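The chain contents come next:
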Amino acid sequence: MKILVVGSGGREHALCWAIAKSPRCGKLYCAPGNAGIAAIAKCVPLDAMDIDGIVRFAAENKISLVVVGPEGPLVAGLVDRLEAAGIRAFGPRANAAALEGSKGFMKDLCEKYAIPTAEFQRFDEPAAAKEYIRRKGAPIVVKADGLAAGKGVILCRNELEAYAAVDHIMVERAFGGAGDEVIVEEFLTGEEASFFALVDGVRAVPLVSAQDHKAAYDGDEGPNTGGMGAYSPAPVVTAAIAKTVMNTIITPTIEGMAAEGCAYKGVLFAGLMIDKGVPKLLEYNVRFGDPECQPLMLRLKSDLLEALLACADGSLDKVTLDWHSDAALTVVMAAKGYPGVYEKGSEIRGLAAANAVEGVTVFHAGTKAADDTIIANGGRVLNVTARGKTVAEAQKRAYKAVDAIDWPDGFCRRDIGWRALKR
Ligand code: AMP
Ligand code: GLY
């Protein structure tokens, strides 16, 4: 069958790589893809947000399944539009993608269905938000309600920072309409983890555990990014904690969403804060994590395409997921300056040598092919991913591959996996 993956990051390269291994995968397309994806799929020059263009392409080419990577098109209703055109899609409809598209929606659902999360209140005008902050004190967290490219969460050490955050979002409108409302919530402490489950509307099947590294520099210092590395398994998520997450967070969410008339299907990504063995929900994302998806795909033994089809068809009861028992780890190589200002266009060499390191697969993110060379074309550029018997071995192999890459304009963290190694 013909498959179309939507997106252009390392996540989509890893999804294409896993889907291409399925015996049921015939022709594989990716819109718009990148230079790495082009080696295993036919890249189609359509932006991930070009909903009309993607629906038209899928209809004209008789695509059997569209797999949507990023949140933007999901929140904008790509799956609704595909289904209306009779095209099967993996991912939630817009009313369910609201779990990521509106933090207020997600928090109200938690309240109604007693899902453990930070104590909060929603505000649509600044004075009331500030009054609440005055009453609660700091530290405290101020969040824009809507999508803000990962920048809409402001952690405030004192009340003055929190008032400024409210003004930044609601008065200066730093994130436009995403800041029509703010959520002010309790500051949670503990260790974070990324928890994923495949969902078919009524059932959820958890994936193995993962953890990412959001800060730009070693030691978790510097500005927050989309993620500078990830690994699986994450020892903080014990079997007992995974069970608690399913029972207290994922299952009530799936049931609550169905009861609200917005049944969830696709992959549900819970950002967790785990404190003294108790997991709380920080946020929901309605997609695979990037870069968490990359180590997960390396560990997945089962046929990914079968599982994605089962989510779309409501038949997850027929699927069990098998995993390699070893570990996998991804080091993100980014352009110098990321997540701030960075340049594009520098040449990357040594990719073949990196891919030749035992256990290593280099997934591309922001890359472009120019003549016979690969050039940097984004902030996060390469995801050097390795399997190993342990996180330590996967880390060693990943950095060996990083060192084989000749790209003076890039940088990476040198400590990906440190929390697992410290244990
Ligand atoms: P997001 O941009 O929604 O992915 O959130 C970014 C990060 O903000 C999370 O990964 C946490 O590190 C942090 N964060 C969000 N909410 C809270 C909270 N209530 N308490 C402490 N940290 C938080
Ligand atoms: N790596 C975190 C995310 O994808 O949001």
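Our subject is the structure listed above.
Residues numbered from 1 in each chain as written. Chains lettered and ligands numbered in written order. Predicted model: local features only at pLDDT ≥ 70, side-chain atom pairs only at ≥ 80, totals over all residues. Heavy atoms only, no water.

A. Structural context of the sheet that holds strand 17 (residues 278-285). A sheet is described by the order of its strands in space; here 4 strands give the open sequence 11-10-16-17, paired in antiparallel fashion. Only two strands of the sheet have a single neighbouring strand rather than two, namely strand 11 (204-206) and strand 17. Each adjacent strand pair in this sheet contributes to an overall mean axis angle of 35 degrees, direction not counted. Summarising the sheet, strand 10 (residues 191-200) and strand 16 (residues 265-275) pair through 10 bridges and their orientation is antiparallel. Counterpart to Glu191 in the pairing with strand 16 is Ile274. Helix 9 (residues 239-259) contacts strand 10, strand 11, strand 16 and strand 17 of the sheet and is inclined by roughly 45 degrees relative to strand 17. (Pairing = 2+ DSSP bridges. Helix = DSSP H or I, 4+ residues; strand = E, 2+ residues; numbered from the N terminus. Axes fitted to C-alpha atoms, helices over the stretch in contact; angles between N-to-C directions. Contact = heavy atoms within 4.5 Å.)

B. Main features of the site of ligand 2. The environment of ligand 2 is formed by Asp212, Gly226, Phe269, Asn285, Arg287, Gly289, Asp290, Pro291 and Glu292. Within the contact set of ligand 2, a nitrogen atom lies 2.8 Å away from a side-chain nitrogen or oxygen of Glu292. Split by residue class, the shell around ligand 2 holds 2 nonpolar, 3 polar and 4 charged. (Near = heavy atom within 4 Å. Polar contact = N/O pair within 3.5 Å; in protein donor to acceptor, adjacent residues only side chain to side chain. Nonpolar A, V, L, I, M, F, W, Y, C, P; charged D, E, K, R; others polar.)

C. How the structure looks around the site of ligand 1. Contacts to ligand 1 come from 15 residues, most closely from Glu185, Glu186, Leu188, Glu192 and Glu283. Looking at the shell around ligand 1, the elements that each hand over two or more residues are strand 7 (140-144), strand 8 (153-156), strand 9 (182-186) and strand 17. The residue makeup of the shell around ligand 1, split by class, is 7 nonpolar, 1 polar and 7 charged.

D. Spatial organisation of unusual backbone geometry. Omega for the peptide link from Ala31 to Pro32 comes to -5 degrees, which places this bond in the cis form. Mapped onto the elements, Pro32 comes out in strand 2 (residues 28-32). At the junction of Ser232 and Pro233, the peptide bond is cis and its omega measures out at 0 degrees in the coordinates. Topologically, Pro233 is positioned in the loop between strand 15 (229-232) and helix 9. Even without being glycine, Lys62 reaches a positive phi, approximately 50 degrees.

E. A positive patch on the surface, seen in detail. Among the surface-exposed residues, Lys2, Lys27, Lys42 and Lys62 lie close enough to one another that they form a single positively charged patch. Relative to the helices and strands, Lys42 is located in strand 3 (residues 42-43). (Patch = residues over 30% accessible without salt bridge, like charges linked within 9 Å, V, L, I, M, F, W, Y side chains within 5 Å. Areas by Shrake-Rupley, 256 points an atom, 1.4 Å probe, with all protein chains shown as cover. Salt bridge = Lys/Arg side-chain N within 4 Å of Asp/Glu carboxyl O. Lys, Arg positive; Asp, Glu negative; His and termini not counted. Charge placed at Lys NZ, Arg CZ, Asp CG, Glu CD.)

F. Spotlight on the packing of aromatic side chains. For the structure on display, the rule yields 8 aromatic pairs. Judged by centre distance (5.6 Å) and plane angle (80 degrees), the ring pair of Trp17 and Phe363 falls under edge-to-face. In this pair, Trp17 sits in helix 1 (residues 10-20) while Phe363 sits in strand 20 (residues 360-364), placing the two residues 346 residues apart along the sequence. Centre to centre, the rings of Phe90 and Phe288 are 6.4 Å apart; their planes meet at 25 degrees, and the pair counts as stacked. With Phe90 in strand 5 (residues 89-90) and Phe288 in the loop between strand 17 and helix 10 (293-299), this residue pair connects regions lying 198 residues apart in the sequence. The exposure classification of Phe90 matches that of Phe288, with both residues buried. The lysine or arginine in question, Lys21, covers the ring of Trp17, its NZ or CZ lying 4.1 Å from the ring centre. (Phe/Tyr/Trp six-rings, centres within 6.5 Å; stacked < 30°, edge-to-face > 60°. Buried < 20%, exposed > 50% of the residue type's maximum accessible area, 1.4 Å probe, protein only. Lys NZ or Arg CZ within 6 Å of the ring centre and 35° of its normal.)

G. Examining the pairing of strand 21 (residues 367-370) more closely. In this sheet, strand 22 (residues 373-376) lies alongside strand 21 in antiparallel orientation, the contact comprising 4 bridges. In the strand pairing of strand 22, Ala370 is matched with Thr373. Hairpin remark: strand 21 followed by strand 22, antiparallel, with 2 residues in the connecting loop; positive phi at Asp371, about 50 degrees.

H. Highlighting helix 6 (residues 103-112). Along helix 6, the positions that sit buried rather than exposed are Lys103, Gly104, Met106, Lys107, Leu109 and Cys110. Note on helix 6: the residue one or two positions beyond its end, Ala114, has a positive phi of about 55 degrees.

I. Region of the structure containing the nonpolar core. If you look at the biggest cluster of nonpolar residues, it comprises 79 residues, and the most contacted ones within it are Leu4, Val66, Leu99, Ile250, Tyr284 and Ile405. Here this core takes 7 residues from helix 9, the largest share from any one element. Ignoring anything within four residues of it in the chain, the contact list for Ile405 reads Met333, Ile348, Arg349, Gly350, Leu351, Ala354, Leu382 and Val384. Residues Ala41, Leu65, Leu309 and Phe363 belong to the second largest nonpolar core, which totals 43 residues. (Core = buried A, V, L, I, M, F, W, Y, C linked by side-chain atoms within 4.5 Å.)

J. View of the pairing of strand 1 (residues 3-7). Within strand 1, 5 of the 5 residues are buried, leaving the element largely enclosed by the surrounding structure. Along strand 1, one buried face is formed by Ile3, Val5 and Gly7 and the opposite face, lined by Leu4 and Val6, is buried too. Taken together, the 4 bridges between strand 1 and strand 4 (residues 65-68) define a ladder with parallel strand orientation. Its bridge partner being in strand 4, Leu4 is matched across the sheet by Val66. Across 5 bridges, strand 1 lies against strand 2 in parallel orientation. Pairing of Gly7 across the sheet is with Pro32, part of strand 2. One crossover worth recording links strand 1 to the parallel strand 2 by way of helix 1, and it is right-handed. (Right-handed = clockwise from strand over helix to strand, strands pointing away.)

K. Up close: the packing of helix 5 (residues 94-101) against helix 6. With their axes 6 Å apart at the nearest point, helix 5 and helix 6 run at an angle of 95 degrees to one another. As the angle between them shows, helix 5 and helix 6 are arranged roughly perpendicular. Taken together, the residues of helix 6 that come into contact with helix 5 (itself represented by Asn95, Ala98, Leu99 and Gly101) are Lys103, Phe105, Met106 and Leu109. Grouping the constituent residues of the contact of helix 5 with helix 6 by class yields 5 nonpolar, 2 polar and 1 charged. (Parallel < 35°, antiparallel > 145°, perpendicular 65-115°, else oblique.)

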